[in-house]
Amino acid sequence: MLELRKSEDRGRADHGWLKSAHSFSFADYWDPEHVEYGVLRVINEDRVAPGMGFGTHGHRDMEILSYVLEGQLGHRDSMGTGSVIVPGDVQRMSAGTGVLHSEMNPSPTEPVQFLQIWIRPARTGIAPSYEQKHFAPAEKRGKLRLVASPDAHDGSVKLHQDVRLYAGLFTRDERATHALAAGRRAYLHVARGRVSVNGTRLAAGDALKIERVESIEIAGGEQAEVLLFDLPG
């Protein structure tokens, strides 16, 4: 079963300094048909103006990933972490018992475009933690590179949930196949470009909910960058 979620059907928010597209219900956007997908709760595509950002705010009991597509994203939190996230980086913050953080665009001239992803943890009340790793384009070119997993396999960041996140870059004749185990589901989000997934043509911002298939075939990319979530059923 493949269920297409078109980019233009996402929720939208425009605060001037922030333009956001919500794949799932978030803030003032509510759609009972798209609240979450299993343990995947949020995928927000955020564009933040130069020198602007999200002031200090709190989270609890959520695995939060940031994936920068263009520009830079500054991060500070109550654990003492201070970092700048750039394209190729995957940042994981486990909010656990509670954490305060801020996210800012440090550039005075260039906007930042990034994906903010929330995943429900397998258990609540864990100690907050932070991790950030870089995955070069060559690691993702024409393949699905594991970037987040419950066991930190192959250098991926560690998630406190039975979720495996893959990132891939595809163009021209590059292709990849992902086997989906029985009883699991997947969610594929196109971050940019165009690509075909099991024969369905997708453009930037489009996504597929995938269930009851044995394999996921990615091909026909046009400067495509995709994220594939392998999720518990």
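Residues numbered from 1 in each chain as written. Predicted model: local features only at pLDDT ≥ 70, side-chain atom pairs only at ≥ 80, totals over all residues. Heavy atoms only, no water.

### Digging into the pattern of salt bridges
How we decide: We count a salt bridge whenever a side-chain nitrogen from Lys or Arg sits within 4 Å of a carboxyl oxygen from Asp or Glu. Think of it in three bands: with a 1.4 Å probe and only protein chains considered, a residue is buried below 20% of the maximum accessible area for its type, exposed above 50%, and partly exposed in between.
Counted by the stated rule, this structure contains 17 salt bridges. The salt bridge involving aspartate 14 is made with lysine 19; its shortest N-O contact spans 3.8 Å. A relative accessible area of 42% places lysine 19 in the partly exposed class. For the salt bridge of glutamate 45 with arginine 47, the shortest nitrogen-to-oxygen distance reads 3.0 Å. Given the relative accessible area of 42%, arginine 47 is considered partly exposed. Residues joined in a network through salt bridges with shared partners are Asp162, Arg164, Arg184 and Asp230.

### Things to note about unusual backbone geometry
The condition that has to hold: Starting at the N terminus, helices and strands are each numbered in turn, a helix being any DSSP run of H or I of at least four residues and a strand any DSSP run of E of at least two.
The phi angle at alanine 27 is positive, at roughly 55°, despite the residue not being glycine. One can find alanine 27 in the loop between strand S3 (18-22) and strand S4 (40-48). Although it is not a glycine, arginine 212 sits at a positive phi angle of roughly 55°. Topologically, arginine 212 is positioned in the loop between strand S19 (207-211) and strand S20 (215-232).

### Remarks on the layout of surface pockets
Inclusion rule: Using a grid of 1 Å spacing that covers the protein atoms alone, one calls a set of points a cavity when a 1.4 Å probe fits there but cannot get out, and a pocket when the set is open and has protein on both sides within 12 Å along at least five of seven lines; lining residues are those with an atom within 4 Å of a point. Grid points are joined across faces, edges and corners, and a volume is the space filled by probe spheres set on the points. Gly counts as polar in this scheme, as do all residues outside two lists: the nonpolar Ala, Val, Leu, Ile, Met, Phe, Trp, Tyr, Cys and Pro, and the charged Asp, Glu, Lys and Arg.
The computed volume of the largest pocket comes to approximately 260 Å³. Taken together, 18 residues make up the lining of the largest pocket; nearest its centre are Leu18, His22, Phe26, Ala27 and Phe54. Elements represented by at least two residues in the lining of the largest pocket include exactly strand S2 (11-14), S3, S4, strand S5 (53-59) and strand S11 (112-119). Residues belonging to the lining of the largest pocket are distributed by class as follows: 7 nonpolar, 7 polar and 4 charged.

### Some thoughts on the nonpolar core
One broad trend across soluble globular proteins is that nonpolar side chains are buried collectively. For the record, the criterion: Take the buried Ala, Val, Leu, Ile, Met, Phe, Trp, Tyr and Cys residues and link them wherever side-chain atoms come within 4.5 Å; each set so joined is a nonpolar core. The contact criterion used is simple: two residues touch if any of their non-hydrogen atoms lie within 4.5 Å.
Leu40, Ile117, Tyr187 and Phe229 are the most contacted members of the largest nonpolar core, which has 26 residues in total. Look past the residues within four positions of leucine 40 in its chain and what remains in contact with it is Phe24, Ile117, Trp118, Ile119, Tyr187, Phe229 and Leu231. By size, the runner-up hydrophobic cluster in this structure holds 19 residues, among which are Leu144, Tyr166, Ala186 and Ile218.

### Quick look at the packing of aromatic side chains
We describe a pair of aromatic rings using the distance from one ring centre to the other and the angle between the two ring planes. Note the cut-off: Whether two aromatic rings pair depends on their centres lying within 6.5 Å, for rings of Phe, Tyr and Trp, where Trp uses its six-membered ring; planes under 30 degrees apart make the pair stacked, over 60 edge-to-face, and the rest tilted. Only when the NZ of Lys or the CZ of Arg is both within 6 Å of the ring centre and within 35 degrees of the ring normal is a charge said to sit over the ring.
Summed over the entire model, instances satisfying the criterion amount to 5 aromatic pairs. Each ring, one from tyrosine 187 and one from phenylalanine 229, has its centre 6.5 Å from the other, and the planes form 65°; the classification is edge-to-face. Taken as a pair, tyrosine 187 in strand S17 (residues 184-197) and phenylalanine 229 in strand S20 lie far apart in primary sequence, 42 residues in all. Neither residue differs from the other here; tyrosine 187 and phenylalanine 229 are each classed as buried. One aromatic cluster is present, built from ring pairs that chain together Phe24, Tyr37, Tyr187 and Phe229. In this structure, arginine 185 packs its charged tip against the face of tyrosine 37, placed 4.8 Å from the ring centre.

### Brief notes about the sheet that holds S2
The strands making up a sheet associate through backbone hydrogen bonding, with each pair oriented either parallel or antiparallel. This is how the line gets drawn: Should DSSP find at least two bridges between two strands, the strands are regarded as paired. Each axis is a line fitted through C-alpha atoms, taken for helices only over the stretch in contact, and angles between the N-to-C directions span 0 to 180 degrees.
Reading across the sheet, the 7 strands line up as S2-S3-S4-S11-S6-S9-S12 and stay open at both edges, with antiparallel pairing between neighbours. In this open sheet, the two strands that pair with only one neighbour each are S2 and strand S12 (129-134). Neighbouring strand axes in the sheet, compared pairwise and without regard to direction, differ in orientation by 15° on average. In this sheet, S12 lies alongside strand S9 (residues 89-94) in antiparallel orientation, the contact comprising 6 bridges.

### Describing the sheet that holds strand S10 (residues 99-104)
As summarised here, the arrangement of the 4 strands in space is S5-S10-S7-S8, forming an open sheet in which the pairing is antiparallel. Edge positions in the sheet fall to S5 and strand S8 (82-85), since each has one partner strand and no second. Neighbour to neighbour, the strand axes of the sheet diverge by 20° on average, direction disregarded. Bridge analysis of strand S7 (residues 73-77) against S10 gives 4 bridges, and the strand direction is antiparallel. What sits directly across from histidine 75, in S10, is glutamate 103.

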